[in-house]
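Remarks on the overall topology
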Amino acid sequence: MPKLWNKTTLKEQTHLIQQNDMLETNAIYEGIQRYRKTIDVIDPSSKRPEKVLIAHFLDVVADEITKEQLAIANGMPTIGSPAIWYAPFLSIRAERLATIALSYMLQSPKQVGSVLFREIGEGIRNEVMLDEIRNTNKNKSTSQKGFSRNDSKKLIKNIKKIQRIYKRLTGGSGLKWKLSSKIQLGAKLVDIVNRATGGWITQVEWIKKNISKVFVVMNDELVSWLHEYHLDLEVVRPLKMPMCVPPQEWTFLDDQGIPTRKPTKEISGGFRVIKSEFITGRKGHHETQLNVPSMNSVFDAINHVQSTQWQIDTDILGVLEQIMSLNSPEYSNIIPVSPQRPVLPTIPTDNAARRLWHQNRLQQRSKWYAATSQRIAAIKCIDVAKRFKDLPVFFPHNIDFRGRIYPEASHISPQGNDLAKSLLLFAEAKPLGKNGLRNLKISAATHAGYDKITYSDRVKWFDETWLPIITKTKKFDPFSIKWWVDYDNPLQFLKTLWDIQNAIHSGNPETWKSCVTVSRDGSQNGIQHLSAMMRDEVGGRSVNLINSTLPNDLYQDVGNKVWEQIEADYLADPTAKDKIGNDAPHVLWYPIFQEPNNRRNIVKRSVLAYPYGITIRGMHDAIIEDGFTENLQGSQYHNAQYLALAINDSVSQTVIMASKVMEYLRDIAKQLADQGFPVTWTTPLGLPVCQRYMWEESKTIKTCIHQIVYYIPNGQKKINVGNQVRGIVANIIHSWDSSHAGMIALMAKQAGINSLQFIHDSIGTHACDIDTMSSIIRETFINMHSHDLLTDLVDQLQKQYKITLPPPPSKGSLDIEEVRNSTWFFS
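Now for the overall build of the protein chain. Of the regular secondary structure elements, the protein chain holds 27 helices and 20 strands. The 827 residues of the protein chain split such that 50% are buried. In the protein chain, once contacts between residues fewer than 6 apart in sequence are set aside, the share between residues at least 24 apart is 73%. Split by element, the accessible area of the protein chain, about 38600 Å² in all, is 50% carbon and sulfur.

Below, the structure is given as structure tokens:
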């Protein structure tokens, strides 16, 4: 077991620092190798810096090509324009010609002219063939042989297939172009690019007497820009591992690079070698001034979270390695078996049946992709755990532009899935104390899925179900009894079960030193913040701001309302059919929603995302992605749409005041955006936030070698009103729950709690400290919402932009102090 950092000697610390720096250096090297391998197998236009340059040069090159095309079409003399190549030059749009030429010219800083000219000419030849295929097939129906108009996009980058299909369509003869035609056409386009951009020159070099070669060479400025851009991309794409030493504290740096509490424009921290940013996700839009004194509170909170020392749970690691070797469907809930490509029946000829066949194909492929992705993620997670099983483990953290806290690590982290979290134990071991064993049992029952019963009933369930089993043996064998495999979080349950077993067999559970995390989760945290802000008793009760005997369940409440609508529709017309003769959606959903657990499970994802601005289309997609439409007759899209509308209506009827304030926030975001203003505010923790979504021009160029979509920030820097409206609720809620998390971290530090697991609305610590943590969670929430956050926001915006906004909606009568006594607020 690795030592705690503050218990290691100076010599041990020096050794670990050297080891960590080597890990980070290797991570950078591996990232560079991965980056270079990636760009070696994709076309030049897909390389990010080259794509930026194509976007930059596209219009000026296309304009110059257009001028040449007009000159040739009007019979005016033009340099190097023999009839041998003018037909294809005139027949293809200028933007496509420009894209192809720039793509090849950006492959290397210096290229042999004849080779480059021929490659560009060959690209234009393939473009002509692709156009001919499109023209030949554009009127074909989907039942005819060949490629339909929509299917031709599949040919992009598949040059051999273009040539093969072209031969078939033209009776076996390909498109014959002389080598001189390709070279002259390519030379013409290179000449145009050179004149339009000034980024290249052609130069003659003598190879030997009377023999010379022409080279196309990028100018020094362009080469330097590309080189530096690639280097930047390489070093920001490391395969980030955890650290085996404490991360550097985030702080301001003065002009000498020395940490300071005085606000400056330079912020540093996190990894020791890897280049890292404190705030991610701004994308050049949401920039704001961070050199303010209140940022020190943000730094202090993040620094305390990232100071937690972890260790790898070698027992869970052993279980996972055995599950991997078994490759059995018994454990697919933990790690999917090696997925097999789905085999589909022959495609039917009937139109309605074809639609359903394609629908089934999408579902099967989606399952295959998901299982493959999960297995690969598990393999990578296990690999990282093996590397660190004998080392201390630390996770450097940073935040997004709203303040949400994230660990920076590849594959394994305290915010990962059940598998990733199960592999991590606190390095600090603390005695369970008086209530620790009970808290572990509650946690085990929660991981098993028994989270809607009282704490006493959870303890009773554990004592009746598992206590007789674990008291009979020294260590429970997870491969002898396998009930646990189907629990909600099976691996975290197993880890907790083993800790309980060890505590019991120790003879005195109160003195058993535990390293297992026990968490308390918010009850629909977004709605909790909205209901607290609006003092909404109805919504607040549904998300447990008010105490009750049993946990209130917003998901179940909404599911029940959806059931009422489905039942009413069914009773009104129990034999209804859809357009193709299958049972109507409400008929199909009726037997499924009769089961209360089904109601909750199906609506949960949509309700969870409701305060973050999910649309009806988003709910529709979530229902399909989660597989709830898979075994239903008819169109999954129609079935999902019916249910999405029912969920949206039901949740808005359940949390009425939250819905009102969400609409209010969208209204003020629109008013500000219409006048060209972003939405800016300072979070309760002190982070300045700016929501500024800008309009971007999208330009799509389809050629035979690639399809490129450019998103170029609008030259007028106009606010994107739609995105401002869609993003405001989610961003404000995220900024509040992140502030709440930060305040919890600061108060936990004052209380001497040094081992923390933060997942936005889920806070974890040792079993002996979770009761104190529960009090801290409530205290900080009450303190934060004792202020009128909505009025403060509106006042700040009116003062900053010197405008008048409509007054906030009236509040309810909820006493925010009720949260202090609510058992299920975070549970």
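As defined by bridge partners, strand E4 (residues 248–253) adjoins strand E6 (residues 266–270) across 4 bridges and the pair is classed as antiparallel. Note that in E6 the partner of Gln 248 across the bridge is Gly 270. Of the pairings in the sheet, the one linking E4 to strand E5 (residues 259–260) comprises 2 bridges and is antiparallel in character. If you follow Phe 252 over to E5, its bridge partner there is Thr 260. Counted between consecutive antiparallel strands, the loop separating E4 from E5 contains 5 residues, among which Gly 257 sits at a positive phi close to 80°.

Further remarks concern the side chain of Ser 103. For Ser 103, the position within the fold is in helix H4 (residues 94–105). Accessibility expressed as a relative area gives 1% for Ser 103, which makes it buried. A distance of 2.7 Å separates a polar atom in the side chain of Ser 103 from the backbone oxygen of Thr 99.

Here His 785 shows up in helix H26 (residues 770–785). A polar contact is formed between the side chain of His 785 and the side chain of His 529, at a distance of 3.0 Å. With residues near it in sequence (within four places) discarded, His 785 still touches His 529, Ala 532, Met 533, Arg 535 and Ile 816.

Attention now goes to helix H17 (residues 525–534). Most of H17 is tucked away, with 10 of its 10 residues classed as buried. Every buried residue belonging to H17 is among Asn 525, Gly 526, Ile 527, Gln 528, His 529, Leu 530, Ser 531, Ala 532, Met 533 and Met 534, and all of these are buried. For H17, the secondary structure elements touched by its buried residues are helix H18 (537–542), helix H19 (554–572), helix H24 (656–674), helix H25 (721–750), H26 and helix H27 (789–801). After H17 finishes, the residue Arg 535 shows a positive phi value of roughly 50°.

Now for helix H21 (residues 596–609). With 14 residues, H21 extends 21 Å from end C-alpha to end C-alpha; this agrees with the ideal 20 Å at 1.5 Å per step. The sharpest bend along H21 measures roughly 45° and falls at Val 603. Taken residue by residue, H21 has Arg 599, Arg 600, Ile 602, Val 603, Ser 606 and Val 607 as its buried positions.

In this structure, Gln 415 sits in the loop between strand E10 (405–407) and helix H12 (418–422). With 10 residues separating them along the chain, Gln 415 and Ile 405 place their C-alpha atoms 9.9 Å apart. For Gln 415, the residues in contact, after removing those within four places along its chain, are Ile 405, Tyr 406, Pro 407, Phe 758, Ile 759 and His 760. One polar contact links the side chain of Gln 415 to the main-chain carbonyl oxygen of Ile 405, over a distance of 2.9 Å.

On to the pattern of salt bridges, then. Opposite charge on two side chains permits pairing when their charged atoms draw close. The final tally for this structure, using the stated rule, is 28 salt bridges. Between Asp 315 and Lys 475 there is a salt bridge, with the nearest N and O atoms lying 3.1 Å from each other. Remark: Lys 475 occurs in the loop between helix H15 (467–470) and helix H16 (490–505) and Asp 315 occurs in helix H10 (residues 314–326); sequence separation between them is 160 residues. Residue class for Asp 315 comes out partly exposed when judged on its relative accessible area of 37%. The shortest N-O distance in the salt bridge between Arg 820 and Glu 817 comes to 2.8 Å. For Arg 820, a relative accessible area of 35% gives the class partly exposed. Each of Glu 64, Glu 68, Lys 188, Asp 191 and Arg 195 takes part in a single network of salt bridges with overlapping partners.

What follows covers unusual backbone geometry. With the exception of glycine, the majority of residues adopt a negative phi angle, and the majority of peptide bonds are in the trans configuration. Of note in this structure, Gln 524 is not a glycine but carries a positive phi near 55°. In this structure, Gln 524 sits in the loop between strand E14 (518–521) and H17. For Gln 524, a relative accessible area of 3% gives the class buried. Even without being glycine, Asn 544 reaches a positive phi, approximately 70°. Within the secondary structure, Asn 544 sits in the loop between H18 and H19.

So, on to the packing of aromatic side chains. Scanning the entire structure with this criterion turns up 19 aromatic pairs. Look at Phe 252 and Phe 299: their rings are 5.1 Å apart centre to centre, the planes differ by 80°, and that puts the pair in the edge-to-face class. Taken together, the residues Phe 252 in strand E4 and Phe 299 in helix H9 (residues 295–306) connect sequence positions 47 residues apart. Using a relative accessible area of 0% as the deciding quantity, one classes Phe 252 as buried. Residue Phe 299 is classed as buried on the basis of its relative accessible area of 1%. Ring centres 5.4 Å apart and planes at 85° place the aromatic pair Trp 466 and Phe 476 in the edge-to-face group. Separated by 10 residues along the polypeptide, Trp 466 in the loop between helix H14 (455–465) and H15 and Phe 476 in the loop between H15 and H16 bring together distant segments of the chain. Per residue, the accessibility class of Trp 466 equals that of Phe 476, and both read buried. An aromatic cluster is built from Tyr 450, Trp 461, Trp 466, Phe 476, Trp 483, Tyr 487 and Phe 493, whose rings are joined through pairwise contacts. One cation-aromatic arrangement involves Lys 475 over Trp 498; the distance from NZ or CZ to the ring centre is 4.5 Å.

The rules behind these values
Residues numbered from 1 in each chain as written. Predicted model: local features only at pLDDT ≥ 70, side-chain atom pairs only at ≥ 80, totals over all residues. Heavy atoms only, no water. Helix = DSSP H or I, 4+ residues; strand = E, 2+ residues; numbered from the N terminus. Buried < 20%, exposed > 50% of the residue type's maximum accessible area, 1.4 Å probe, protein only. Contact = heavy atoms within 4.5 Å. Areas by Shrake-Rupley, 256 points an atom, 1.4 Å probe, with all protein chains shown as cover. Pairing = 2+ DSSP bridges. Polar contact = N/O pair within 3.5 Å; in protein donor to acceptor, adjacent residues only side chain to side chain. Expected span 1.5 Å × (residues − 1). Bend = angle between axes of the 7 residues up to and from the residue. Salt bridge = Lys/Arg side-chain N within 4 Å of Asp/Glu carboxyl O. Phe/Tyr/Trp six-rings, centres within 6.5 Å; stacked < 30°, edge-to-face > 60°. Lys NZ or Arg CZ within 6 Å of the ring centre and 35° of its normal.

On their own, these measurements won't tell you what the molecule is for.
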